[in-house]
Amino acid sequence: MNDRSDAPRGLWGRWRSMLLWKQIFLALAAGVVIGVVLNQTGNEAAAEAIKPIGTIFVNAIKMLIVPLIFVSLVVGMTSMHDMSKMGRIGLKTVALYLMTTAVAITIGLVLGAVIQPGAGIDMSAAAAMEAKDAPSLIDTIVGLVPTNPVSASAEGNVLQIIVFAILFGIAINMAGEKGRIVRDFFDSLSEVIYKLTSIIIGFAPYGVFALMVWVAGTYGLELLLPLGAVIFAVYLGCVIHALVVYGGMIRLGGGLNPVRFFQGVLEPQMVAFTSTSSSGTLPVSMTAVQRNLGASKGVSSFVLPLGATINMDGTALYQGVCALFVAQAFNVDLAMGDYVTIVLTATLASIGTAGVPGAGLIMLSLVLTSVGLPLEGVAIIAGIDRILDMARTALNVTGDAAVTVLVAKSEGELDQAAYDTPHVLDSASLKEMRG
Ligand code: ASP
């Protein structure tokens, strides 16, 4: 995607025609500079005065949470409706996807706890926080099933909404032809909700600017180091997950050479890294797993698109790091039950995360809500989200490819000779694949 060139000239015109992530990044940078200047010149009150614009943005994100999670999860489930046809392969695929996602978020949480990206700052005074009693593990599990889905929505109980949405989606699939109208209705509703989401995200540069002026105005330069630490933790986590989890699965689970695997997925990784969309990368992933890694058409054309829709390991890992960053920065102690809730929410929510740029940021608000962390954290992360999105999307597509290779191997549908042939990237074939 390029900036639109037919836009009107002038500063405002140039701003309007700029890509959204660039707008948000500029807003972050400008907000930090202005906030630090206000901070150093003793004008904290001015920084405080601009905060309401940011609060409106945060409220708008909150407004989206319940409809977005419900509708996108129902659609995520109904998009798997022909999974039953695939029987064993379907089950294997979904189990692997969910397991790797749960591991990814655990790695994110561990890195967040070890690196402590939010430890340097204390923003606890900054957010109106709802104090929550930490639930015990068993309460978390019992509490998964809502007694009343409407009150679960009204209370914003994210996990219960997720569970209801998944069951509802399964029921639509089981109803078959008779459930078709409801399925179509949710397909259409999801388009409307995505539209609404994009309207609100379009407001992000202004919300992010206001919140950054306020945060930097209050905390000054102290803030920059923690944001750098978040980026470091997410990138490190992605590398660890790819090498250890996927490398290990390929080696131990598939008896295959992991080096060949990483050579073979380099192309989709690069496209994902630059486009930040795993759905958009799908054609490239498809070519790579078939041509470079020798997975059969039958397996890959089922497993990969499903992965681009429901498998988001990078996104889950990022949510783990960011949740801990927010907890540390806002001085919230998380109990064991909270960690379990985060793992469950992020794993299940990944089913409903669309493979498009920035989707993970919205889902982060779900994860934070599930354990009562302040959503101001989302706006702070938003400024650096593009940089994080690049790494997590690359990991997302790597995970899809790893599971595809494993499933193909276990079904006897992997062309070993093709897998073993080294594929060196050449720019002509990459161009050809990108069409
Ligand atoms: N951009 C990611 C993807 O397409 C989703 C996310 O925002 O985390 O996979």
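Residues numbered from 1 in each chain as written. Predicted model: local features only at pLDDT ≥ 70, side-chain atom pairs only at ≥ 80, totals over all residues. Heavy atoms only, no water.

1. Describing the site of the ligand
Cut-off, in case you're wondering: Any residue with a non-hydrogen atom lying within 4 Å of a molecule or strand is treated as near it. We call two N or O atoms a polar contact when they sit within 3.5 Å, provided that within protein one can donate a hydrogen and the other can accept it, with sequence-adjacent residues counted only if both atoms are side-chain atoms. Note on areas: Shrake-Rupley with a 1.4 Å probe; residue coverage comes only from the protein chains shown. Numbering of helices and strands runs from the N terminus, with a helix taken as a DSSP run of H or I at least four residues long and a strand as a DSSP run of E at least two residues long.
Close to the ligand lie 16 residues; Ser278, Thr315, Gly360, Asp389 and Arg392 are nearest. One of the side-chain N or O atoms of Arg392 is found 2.6 Å from an oxygen atom in the ligand. At 3.1 Å from a nitrogen atom of the ligand is found a side-chain nitrogen or oxygen belonging to Thr393. Relative to its unbound accessible area of 270 Å², the ligand is 100% covered by the protein chains. Breaking the shell around the ligand down by element, the ones donating at least two residues are helix H18 (359-370) and helix H20 (385-410). Broken down by element, the residue count for the shell around the ligand peaks at four residues, all from H20.

2. Here's the deal with unusual backbone geometry
Keep this limit in mind: When accessible area is computed with a 1.4 Å probe and restricted to protein chains, residues below 20% of their type maximum are described as buried, those above 50% as exposed, and intermediate ones as partly exposed.
Positive phi is not limited to glycine here, since Thr276 has a value of about 50°. Position of Thr276 among the secondary structure elements: in the loop between helix H13 (266-275) and helix H14 (278-292). Here the phi dihedral of Asn331 falls at roughly 60°; this positive angle occurs in a residue that is not glycine. On the accessibility criterion, Asn331 (52% relative accessible area) is exposed.

3. With respect to the side chain of Thr393
Here Thr393 lies in helix H20. Residue Thr393 is classed as buried on the basis of its relative accessible area of 2%. Reaching out from Thr393, the side chain makes a polar contact with the backbone oxygen of Asp389 at a distance of 2.7 Å.

4. Description of the side chain of Asp385
Rules: Residues are treated as being in contact if the distance between any of their heavy atoms lies within 4.5 Å.
On the secondary structure map, Asp385 appears in helix H20. Other than its neighbours up to four places away in sequence, Asp385 contacts Tyr318, Gly358, Leu361 and Arg392.

5. Digging into the environment of Ala379
By the secondary structure assignment, Ala379 is in helix H19 (residues 376-382). On the basis of relative accessible area, Ala379 is assigned to the buried category, the value being 0%. When the C-alpha positions of Ala379 and Gly207 are compared, they lie 7.4 Å apart, and in sequence the two are 172 residues distant. Setting aside anything within four residues of it in sequence, one finds Ala379 in contact with Phe57, Val58, Val208 and Leu211.

6. What about the packing of aromatic side chains?
Threshold: Note on aromatic contacts: the rings of Phe and Tyr and the six-membered ring of Trp form a pair at centre separations within 6.5 Å, being stacked when their planes are under 30 degrees apart, edge-to-face when over 60 apart, and tilted otherwise.
Scanning the entire structure with this criterion turns up ten aromatic pairs. Seen from their ring centres, Trp15 and Tyr206 are 6.3 Å apart, and the 65° between their planes marks the pair as edge-to-face. Of this pair, Trp15 sits in helix H1 (residues 10-16) while Tyr206 sits in helix H10 (residues 204-219), and the two are 191 residues apart along the sequence. Tyr206 sits in the partly exposed class, given a relative accessible area of 31%.

7. Considering the packing of helix H4 (residues 51-78) against H10
Quick reminder of the rule: The angle between two axes is taken between their N-to-C directions and runs from 0 to 180 degrees, where each axis is a line fitted to C-alpha atoms and a helix contributes only its stretch in contact. Relative orientations are named as follows: roughly parallel for angles under 35 degrees, roughly antiparallel for angles over 145 degrees, roughly perpendicular for angles from 65 to 115 degrees, and oblique for any other angle. By definition, any crossing whose near helix is turned counterclockwise from its far helix by less than a right angle is left-handed, and any crossing with a clockwise turn is right-handed. Under this grouping Gly is polar, as are all residues other than the nonpolar Ala, Val, Leu, Ile, Met, Phe, Trp, Tyr, Cys and Pro and the charged Asp, Glu, Lys and Arg.
For the pair H4 and H10, the least separation of the axes is 7 Å and the interaxial angle reads 130°. As summarised for this structure, H4 and H10 are arranged oblique, according to the angle between their axes. Considering how the two elements wind past one another, H4 and H10 form a crossing that is left-handed. Note on element contacts: H10 touches H4 through Ala204, Tyr206, Gly207, Val208, Ala210, Leu211 and Trp214, opposite Lys51, Ile53, Gly54, Phe57 and Val58. In the contact of H4 with H10, the residues fall into nine nonpolar, two polar and one charged.

8. Structural notes on the confidence of the model for the protein chain
In plain terms, the rule: Every residue gets a pLDDT, meaning the predictor's confidence in that residue, from 0 to 100.
Averaged over the protein chain, the pLDDT score is 85; the fraction of residues at 70 or greater is 90%. Mean pLDDT per element in the protein chain: helix H22 (residues 427-434) is the minimum at 54, and helix H16 (residues 313-329) is the maximum at 95.

9. What about the pattern of salt bridges?
What counts is decided by this rule: Note on definitions: salt bridges are taken to be side-chain nitrogens of Lys or Arg within 4 Å of carboxyl oxygens of Asp or Glu.
Considering all chains together, one arrives at six salt bridges under this definition. Its salt-bridge partner being Glu177, residue Arg180 comes within 2.8 Å of it at the nearest N-O pair. Note on Arg180: relative accessible area 36%, which makes it partly exposed. Residues Asp385 and Arg392 are paired through a salt bridge, measuring 3.1 Å at the closest nitrogen-oxygen approach.

10. Looking at helix H2 (residues 20-40)
The condition that has to hold: An expected span of 1.5 Å times one less than the residue number is assigned to each helix.
In this model, H2 (21 residues) spans 30 Å end to end at C-alpha, consistent with the 30 Å of a helix rising 1.5 Å per residue. Buried within H2 are the following residues: Gln23, Ile24, Ala27, Leu28, Gly31, Val32, Gly35, Val36, Leu38 and Asn39. Against H1, helix H3 (44-49), H10, helix H11 (224-253) and H19 lie the buried residues of H2. Once H2 finishes, Gly42 follows within two positions and takes phi at roughly 70°, a positive value.

11. Quick word on the environment of Gly298
Position of Gly298 relative to the elements: it lies in helix H15 (residues 297-310). Sequence-wise, Gly298 and Val403 are 105 residues apart; in three dimensions their C-alpha atoms are separated by 14 Å.

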